[in-house]
Amino acid sequence: RYAPLNASDPAVASLITQIPQRVIVLNATSTSPIFAAGQELFKACQGVFNRTVDIVYAVDNCSSVFTANSTPAKTIVIGTVTAFNHFCSNSSNTINTSLLVPDGYLWQLPASASSPTLVLGQNEPGTLYGTFAYLAELAQGNNPIRTASNITTATDYKTHISNPVAPVRWVNQWDNLDGSIERGYGGHSLFFSGGRVVSDLHRAAAYARLLASVGINAVVVNNVNADAALVHTPANIEGLGRIADAFRPYGVRVGVSLNFAAPQSVGGLKTYDPLDAGVISFWDSVTAQLYSRIPDLAGFLVKGDSEGQPGPKKYNRSLAQGANLFAKALRKYSPADRPGVLMYRAFVYDQLQESNWKADRANAAVSYFAPLDGQFDDNVVVQVKYGPIDFQVREPASPLFGHLQKTNAAIELQVTQEYLGQQCHLVYLPPLWRTVLDFDMEAGGTPSPVKDIITGTRFQRTLGGSAGVVNAGTSDTWLGSHLAQANLYAYGRMAWDPTGANETDPASPRSIIESWAKLTFGRDPAVVNTVTDLAMAAWPAYENYTGNLGMQTLTDILYTHFGPNPASQDGNGWGQWTRADGHGVGMDRTVSNGTGFAGQYVGKDVAAKFESLATTPRDLLLWFHHVPYTQLLPGENTTVIQHIYDAHYAGAETAASFVTRWAALNGSGLVDPDRYASIANQLAFQAGHAIVWRDAICTFFADLSKIPDQHGRVGRH
Ligand code: GCU
């Protein structure tokens, strides 16, 4: 936002003395992310510090800045490292290009006033990411030099280096061509309306800016349940080209979801068999047309053989054969040094499965994909939802991550809060994401946390990363509520750097929300602490008042995915079963007696831990075990049924506390009236809805189990 900082704050006052007066932008054309970086510097200095900076664009010689008699102080030089070394270096200031990977950046911050500040990227987007990160420090009132530790090249500089851990830092939009967004809670599509690409793409460009500010490098613009027409008409391909043109100045590339059956449904062929010559040439032609209009197309995303979507199974072809069809087309038409990427979703399951004791939707991904490890082309990335079911409030990490040892993998996270309150509830997701990123698969008895698998380090893969389902729309808040934006901000930060297991790490959920709160509402501790405390308490509270002990979210499965409907979990083909009956609850996923899911973990100790009730973490107890309601929680004196009651009451109480905590900011002047009121309304709704949840779930289980609450709270009064 570049909101003004209070100049009388001593930290801010000292920063004002350091902010640049002159910006030198190396070698940028007007559509380059470096040009955008210059504009951001200008806007930020104006907005945050009320200072106007001089910007010099397209400089192709800046060595004079480094000569003794120049006035380099308060000059900032931005550009790529290569351009810097070419245009600006003298014998002492050449930058070692091997410090950075693609999209990475460094800052060189002068320790004395006699040198300019450098913000340099490995490539053009990297320069923009480095500029945004630098400005984010200033806009929080931080001196960027605090993060710079290592001293390199020249003695009077401190250098801060930041490289993304993975090349795939994508977002997915589930936008339909009619302008609706599947599971979108922030208005209409930014891209589509009435079957075509909208003519005014200003908001799309603003979205690209938002994404670039947190290091995102590509957007898949249409729904995974893809409309085949999108890539079939010249007008739509031109429309996609215009979206790519709007994104390009921010270094964000476009990707497209494809419909497997398009050769038949819109191409007039009799088949969509991935090995059929006509089908191959259909996709070649689509890919060629797309690359001729969008030379930097990021790639494709494909959902096949799932929830009624067409896929290769119809022709008895493997999922790898299906994926490689597109990967080969991408190879043929994309630049050799940057092949288009085929994201193939691991979310493959049969939604019409018969419910029996041994059946388990959670088993599907490993049973389909593990035997195919090593059969996917190099430019395929298997995109795996974080858990084996579907974005539930708590799931163990998908065991598939441990099996993809010769296959590129990315984690799919959901920023849009489909099962998690749909932006009507504050649920800050990073603490949930951390449980998955830090989940250790212990492959081969070696530490194998998911974060090291998706970055490629554990199994030496060159591609990988993260895909976040965002579903931003035309709402003023992008996602449908002010606080929900923290999840998008955090998604970008964590896709760049998924470390942060300790609270004090800069990439931890707590540090990220603190930064977001400062950037959004300013530095005053009253507002920063309030937002941080609410956010950090929100996911545990939501878990408590929806579905605790690993039962899953207990929301309405059949239609809305919103609000309580515990009875809808079982007795249908969707497979999000809890097996609640008069005696007990939970899915038996053991090998010895249940669905065998626990045995899908490649780490023997991991599988053994979940096989036994005594060693299964409490939060996942009912995920892995079916137990009587009277079962005592391991090591505790509380029964499962009593824990269900207690958790739901505790969760609703926490939600109620959000209302009073936020109200303490009323009239403080720290939050503008519109956002104050909007958030107050949201939290009031959440507190009320948490009571609805609490009572619905507690009553359901009291009715079913006939076991009363020890504290007499539950029952039909
Ligand atoms: C969920 C969601 C669907 C979506 C699907 C997917 O089931 O409810 O709307 O299409 O996930 O991720 O493909």
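Predicted model, so just to flag it, every value in this text is computed and none were measured.

About the cut-offs
Residues numbered from 1 in each chain as written. Predicted model: local features only at pLDDT ≥ 70, side-chain atom pairs only at ≥ 80, totals over all residues. Helix = DSSP H or I, 4+ residues; strand = E, 2+ residues; numbered from the N terminus. Rg over C-alpha atoms; globule rule 2.2 N^0.38 Å. Buried ≥ 20, exposed ≤ 12 C-beta atoms within 10 Å, placed from the backbone. Contact = placed C-beta atoms within 7 Å. Pairing = 2+ DSSP bridges. Axes fitted to C-alpha atoms, helices over the stretch in contact; angles between N-to-C directions. Near = placed C-beta within 6 Å. Nonpolar A, V, L, I, M, F, W, Y, C, P; charged D, E, K, R; others polar. Core = buried A, V, L, I, M, F, W, Y, C linked by C-beta atoms within 7 Å. Domains from an automatic or database assignment. Parallel < 35°, antiparallel > 145°, perpendicular 65-115°, else oblique. pLDDT = per-residue confidence, 0-100. Left-handed = near helix turned anticlockwise from the far one by under 90°. Expected span 1.5 Å × (residues − 1). Bend = angle between axes of the 7 residues up to and from the residue.

Looking at the overall build of the protein chain
Within the protein chain, the secondary structure is distributed over 20 helices and 18 strands. What you see for the protein chain is a C-alpha radius of gyration of 26 Å, in line with the 27 Å of a compact globule of 717 residues. Taking all 717 residues of the protein chain together, the buried fraction comes to 54%. Once local pairs closer than 6 in sequence are excluded, the contacts in the protein chain between residues at least 24 apart make up 69%.

A few points about the sheet that holds strand E16 (residues 464–469)
Pairing within the closed barrel is parallel, and its eight strands lie in the order E7-E10-E11-E12-E13-E14-E15-E16. Within this sheet the neighbouring strands show an average axis-to-axis angle of 25°, counted without direction. Note that strand E13 (residues 341–345) and strand E14 (residues 380–385) share four bridges and pair parallel. If you follow Met343 over to E14, its bridge partner there is Val381.

Some points on the site of the ligand
Around the ligand sit Glu182, Arg183, Val224, Asn225, Lys303, Phe347, Asp390 and Glu418, and that is every residue in its neighbourhood. Across the shell around the ligand, the residue classes tally to two nonpolar, one polar and five charged.

A word on the nonpolar core
Formed by 221 residues in total, the largest nonpolar core has its most connected members in Val254, Phe326 and Leu342. Broken down by element, the residue count for this core peaks at 10 residues, all from helix H19 (residues 640–663). The contact partners of Phe326, leaving out residues within four places of it in the chain, are Leu258, Trp283, Phe300, Val302 and Leu342.

Some thoughts on the domain arrangement of the protein chain
With domains assigned, the protein chain is organised as domain 1 (10–162), domain 2 (168–502) and domain 3 (522–587 + 626–717). On a C-alpha basis, the centroid separation for the pair domain 2 and domain 3 is 30 Å. Each partner contributes residues to the interface: domain 2 has 28 residues there, and domain 3 has 31 residues. For the side of domain 2 that touches domain 3, the per-class residue count stands at 15 nonpolar, nine polar and four charged.

Some thoughts on the packing of helix H2 (residues 33–49) against helix H4 (residues 124–139)
Two numbers describe a pair of packed helices, the interaxial angle and the distance between the axes. Two elements in contact, H2 and H4, have axes whose closest approach is 8 Å; the angle formed by their N-to-C orientations is 10°. Here H4 runs roughly parallel to H2, going by the angle between their axes. Two secondary-structure elements touch here, H2 through Pro33, Ile34, Ala36, Ala37, Glu40, Leu41, Ala44 and Val48 and H4 through Glu124, Pro125, Thr127, Leu128, Thr131, Phe132, Leu135, Leu138 and Ala139. In terms of residue class, the contact of H2 with H4 is made up of 13 nonpolar, two polar and two charged.

Section: the environment of Thr546
By secondary structure assignment, the location of Thr546 is in the loop between helix H16 (525–545) and strand E17 (584–585). Since 31 C-beta atoms lie within 10 Å of it, Thr546 is described here as buried. Separated by 126 residues in sequence, Thr546 and Leu420 place their C-alpha atoms 9.1 Å apart. Other than its neighbours up to four places away in sequence, Thr546 contacts Val393, Thr553, Leu554, Thr555 and Trp693.

Focus: the pairing of strand E15 (residues 408–414)
Each regular strand displays side chains that alternate between the two surfaces of the sheet. Within E15, seven of the seven residues are buried, leaving the element largely enclosed by the surrounding structure. Burial along E15 is two-sided: the residues Asn408, Ala410, Glu412 and Gln414 and Ala409, Ile411 and Leu413 are all buried. Pairing of E15 with E16 involves six bridges; the strand directions are parallel. Looking across to E16, one finds that Ala409 is bridged to Gly464.

Examining the confidence of the model for the protein chain
Per-residue pLDDT for the protein chain has a mean of 94; in total, 96% of the residues score no lower than 70. Reported confidences for the modelled complex are a pTM of 0.96 and an ipTM of 0.99.

As for the packing of helix H6 (residues 234–247) against helix H8 (residues 277–293)
Their axes nearest at 9 Å, the elements H6 and H8 cross at an angle of 40°. Here H8 runs oblique to H6, going by the angle between their axes. Of the two elements, H6 crosses H8, and the hand of that crossing is right-handed. Where H6 approaches H8, its residues Ile237, Glu238 and Gly241 are matched on the opposing element by Gln289, Leu290 and Arg293. Residue composition of the contact of H6 with H8, by class: two nonpolar, two polar and two charged.

Notes on unusual backbone geometry
A positive phi is found at Asn316, a non-glycine position, where the angle reads about 55°. Here Asn316 lies in the loop between strand E12 (299–302) and helix H9 (319–333). Phi at Gln552 takes a positive value of approximately 85°, unusual for a residue other than glycine. Topologically, Gln552 is positioned in the loop between H16 and E17. Overall, Gln552 belongs to the buried group, with 25 C-beta atoms counted inside 10 Å.

Details of H16
Here H16 spans 29 Å end to end across 21 residues, near enough to the 30 Å set by a 1.5 Å rise per residue. Remark: the principal bend of H16, roughly 35°, maps to Ala538, with a proline, Pro540, within the next four residues.

Here's the deal with the environment of Asp305
In this structure, Asp305 sits in the loop between E12 and H9. The exposure class of Asp305 is buried, given the 21 C-beta atoms found within 10 Å. The spacing of Asp305 and Trp516 is 211 residues in sequence and 39 Å in space, taken between C-alpha atoms. Setting aside anything within four residues of it in sequence, one finds Asp305 in contact with Gly311, Pro312, Lys313 and Val348.

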